[in-house]
Amino acid sequence: MVISEAEETIKSKIHKDLRHSITKGYLNPGEKLDIVKLAKHYRTSIMPLREALSQLSQEGLVTIKPRSGYFVCQITVRQLIDLFEVREILETAAIQRAVERITDEQIEQLTHDYTGYDDESYDLYIDENRRFHCLIAKASGNEELVQMMGHVHDQLARFMFLAFRQTVKTQDKTHACIIEALRARDAETVLKALIDEIRATRDFVLTRLMEEQGDSWQIRDFEASRRQPLEV
């Protein structure tokens, strides 16, 4: 069923608000989302609310359980490590293809995807970081790779908040290194910079996760898993 323009607007607001609450950790893994209360809060019908929740489900942030309702997606430490591994596999494939194919115009576009961040800029940081890496994937010429990478970034978004204050200190230098290596068609340097960024982010996220939210997560064999390097 097609929703009206007004419902589309409220759907976008609900999606943005809930996505923000999940990625910031205000809503906990496994927490049930009461659609009746949400509908009253937003003064809307159920339809745009369901549309927003369906979109969040596609992004890997919400789980829809038939006859049970909507829940913030749960994930184990092992699954989180697997997501970082998938990200590394996809981004390695993308940048190895892009280094020989990227145009000067695309490189110039990459330079505009860092605008500076402060403690309140998390959403901007997530959006620009996702766009930066997806632009590289686009330069590979493989649209399926772009879609897959975007999906992985969406799934990891709620955990990146844990590393936000750390990674923003180095992201501009890392991205500048990647851009210069792409400009020079230096496959070895660009691959190392990319992998170093992903693995440093992974380790910091996992460490902070255990420090702040360990009670909500499965932590068996965590230390062994955290120290295990990802294969290239």
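You'll find the structure just up there.
Residues numbered from 1 in each chain as written. Predicted model: local features only at pLDDT ≥ 70, side-chain atom pairs only at ≥ 80, totals over all residues. Heavy atoms only, no water.

A. Up close: the pairing of strand β2 (residues 62-65). When β2 meets strand β3 (residues 69-72), the two strands line up antiparallel, connected through four bridges. For threonine 63, the partnering residue across the bridge sits in β3 and is phenylalanine 71. Between the end of β2 and the start of β3, which pair antiparallel, lie three residues, with arginine 67 showing a positive phi angle near 65°. (Pairing = 2+ DSSP bridges. Helix = DSSP H or I, 4+ residues; strand = E, 2+ residues; numbered from the N terminus.)

B. Quick look at helix α2 (residues 35-42). For α2, the set of buried residues is Ile35, Leu38, Ala39 and Tyr42. End-on, the buried residues of α2 take up no more than an arc of 100°, which puts them together on one face. Of the exposed residues in α2, the ones pointing more than 90 degrees away from its buried face are Lys37, Lys40 and His41. Of the residues flanking the start of α2, the one acting as N-cap is aspartate 34, its side-chain oxygen 3.0 Å from the backbone nitrogen of valine 36. A positive phi of about 55° marks arginine 43, the residue just after α2. (Buried < 20%, exposed > 50% of the residue type's maximum accessible area, 1.4 Å probe, protein only. Arc of directions from axis to C-beta. Polar contact = N/O pair within 3.5 Å; in protein donor to acceptor, adjacent residues only side chain to side chain.)

C. Focus on the pattern of salt bridges. Under the criterion given, the structure shown has 12 salt bridges. For arginine 78, the salt bridge is made with aspartate 82, and the minimal N-O distance between the two is 3.1 Å. Of this pair, arginine 78 and aspartate 82 both sit in helix α4 (residues 77-101), four residues apart, roughly one helical turn. Aspartate 82 gets classed as partly exposed once you look at its relative accessible area, which sits at 34%. The structure contains a network of salt bridges with shared partners spanning Arg19, Glu59, Arg130 and Asp154. (Salt bridge = Lys/Arg side-chain N within 4 Å of Asp/Glu carboxyl O.)

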